[in-house]
Amino acid sequence: MAHPTPPPDLAAARAALSRARSIAVLTGAGISAESGVPTFRDALTGLWSRFRPEDLATPEAFSADPATVWSWYADRRARVASVQPNAGHHALVAMERAAHARGAAFTLVTQNVDGLHQAAGSGTVIELHGNLRRVKCFDRHHPAVTWDERETPPRCTQCASLLRPDVVWFGEALPQAALDAACAAAGAAQVFLSIGTSTLVEPAASLPFAALQAGACVIEVNPAPTPLTAHATWVLAGPAAAIMPVLAAP
Ligand code: BV8
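Note that the coordinates shown come from a computational prediction; the quantities given were computed from them, not determined experimentally. (Residues numbered from 1 in each chain as written. Predicted model: local features only at pLDDT ≥ 70, side-chain atom pairs only at ≥ 80, totals over all residues. Heavy atoms only, no water.)

1. What to know about the environment of Phe-192
Here is step 1 of the chain: When you line up the elements, Phe-192 lands in strand β7 (residues 191–195).
Here is step 2 of the chain: Phe-192 sits 164 residues away from Gly-28 along the chain, and the two C-alpha atoms are 14 Å apart.
Here is step 3 of the chain: If near-sequence neighbours (up to four positions away) are discounted, Phe-192 is found in contact with Ala-24, Leu-26, Ala-186, Leu-207, Pro-208, Ala-211, Cys-217, Val-218 and Ile-219. (Helix = DSSP H or I, 4+ residues; strand = E, 2+ residues; numbered from the N terminus. Contact = heavy atoms within 4.5 Å.)

2. Examining the environment of Ala-248
Here is step 1 of the chain: Relative to the helices and strands, Ala-248 resides in helix α9 (residues 240–248).
Here is step 2 of the chain: On the basis of relative accessible area, Ala-248 is assigned to the buried category, the value being 16%.
Here is step 3 of the chain: Separated by 230 residues in sequence, Ala-248 and Ser-18 have C-alpha atoms that sit 9.0 Å apart.
Here is step 4 of the chain: Once residues lying within four places of it in the same chain are set aside, the contact partners of Ala-248 are Arg-14, Ala-91 and Met-95. (Buried < 20%, exposed > 50% of the residue type's maximum accessible area, 1.4 Å probe, protein only.)

3. Some thoughts on the sheet that holds strand β9 (residues 234–236)
Here is step 1 of the chain: Strand order across the open sheet formed by 6 strands is β3-β2-β1-β7-β8-β9, with parallel pairing between neighbours. Sheet topology places β3 (125–127) and β9 at the edges, where each strand pairs with a single neighbour. Shown here is a sheet whose adjacent strand axes are inclined to one another by a mean of 20°, direction ignored.
Here is step 2 of the chain: Contacts from helix α5 (residues 87–101) reach β1 (22–27), β2 (105–110) and β7 within the one sheet, and its direction differs from that of β2 by about 155°.
Here is step 3 of the chain: Each of β7, β8 (217–221) and β9 is contacted by α9, which is oriented at about 140° to β8, the strand it contacts most. (Pairing = 2+ DSSP bridges. Axes fitted to C-alpha atoms, helices over the stretch in contact; angles between N-to-C directions.)

4. Observations regarding the site of the ligand
Here is step 1 of the chain: Around the ligand lies a shell of 35 residues, among which Arg-41, Tyr-73, Arg-76, Val-168 and Ser-198 are the nearest.
Here is step 2 of the chain: Gly-30 places a main-chain nitrogen or oxygen 3.4 Å from a nitrogen atom of the ligand.
Here is step 3 of the chain: Measuring from an oxygen atom of the ligand, one finds a side-chain N or O atom of His-129 at 2.9 Å.
Here is step 4 of the chain: Expressed as a share of its isolated accessible area of 1,500 Å², the protein-covered part of the ligand is 71%.
Here is step 5 of the chain: In the shell around the ligand, the residues fall into 18 nonpolar, 11 polar and 6 charged. (Near = heavy atom within 4 Å. Polar contact = N/O pair within 3.5 Å; in protein donor to acceptor, adjacent residues only side chain to side chain. Areas by Shrake-Rupley, 256 points an atom, 1.4 Å probe, with all protein chains shown as cover. Nonpolar A, V, L, I, M, F, W, Y, C, P; charged D, E, K, R; others polar.)

5. Some details on the pairing of strand β4 (residues 130–137)
Here is step 1 of the chain: Counting buried positions along β4 gives 6 out of 8 residues, so the element sits mostly inside the fold.
Here is step 2 of the chain: Sheet topology places β4 next to strand β6 (residues 163–167); 5 bridges connect them, and they run antiparallel. By the bridge assignment, Cys-137 is partnered in β6 with Leu-163.
Here is step 3 of the chain: Pairing of β4 with strand β5 (residues 143–144), which is carried by 2 bridges, proceeds in the antiparallel orientation. The residue of β5 that forms the bridge with Lys-136 is Pro-143.
Here is step 4 of the chain: Taking the residues between adjacent antiparallel strands as the criterion, β4 and β5 are bridged by 5 residues, where His-141 takes a positive phi near 60°.

Listed below in structure tokens is the structure:
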């Protein structure tokens, strides 16, 4: 049950953001919840309710049962194609533009694979875990632009290996350039915003702690506590679509 955000935390967080010369943001599935995208740990409902996400989002699961894993992602791809960014996504666009207008650095890092930050108009989005709207082949990572949805999964037209979503599965390395950029932003941030993440999946979950270590103020926006909550400078307990517009307001 979310507690009402104490005004002092909100006021202090707003003041710190307005003064910051460098801001870094990490988002998780929670920021897309109010767009109707189930959070990662809530994603397995209906057809998929008998699976745990960690059991489907792995190369081993795909190799063992490509049809089931492909279909789960096809389901999620169809869902994200039909939803819109929410006020939380739009607030981050406003915050980025305000930061740039005063010559401050602003870096948005997301664990999400739904593409909603780009759809909202965020300038630079560092995607740590890929994007399920993109598809590539399993063996050689050839990008695929079209494919026959009747095939589950379809095959690569260049090397005939199975197509898969262009996301980072558990046990797979994150794109090094994205991870390096995210770590640099966390190390340079004066204010680090952690929004809508359970702070469980590594190495993304270490970013707010790296920012704290480097001397940043850390703001957490989440209706529920996480492993970061006890360490954050300010905790804004509530949904991102309600809190972020207040935080980003001029
Ligand atoms: C790696 C893409 C090393 C797929 C995802 C053994 C071997 C290797 C690695 C490991 C291992 N054991 C552990 C690890 C590390 C592992 C890991 O962290 N495991 C966890 C389970 C402990 N990590 C990895 O495997 C990573 N790779 O370490 O590679 C390596 C190095 C070199 C060579 C080879 C290997 C890869 C991790 C990436 C996995 N892929 N996604 C897909 O989406 O299908 S992760 C997945 O979890 C999503 O991206 C998601 O974003 C991410 C994190 O989850 P959250 O975003 O936080 O979402 P969640 O549902 O958990 O929480 C939602 C939150 O929102 C909640 O807190 C809720 O309260 C809040 N909320 C709800 N509503 C709202 C809200 N907040 C605000 N407003 C609201 N309205």
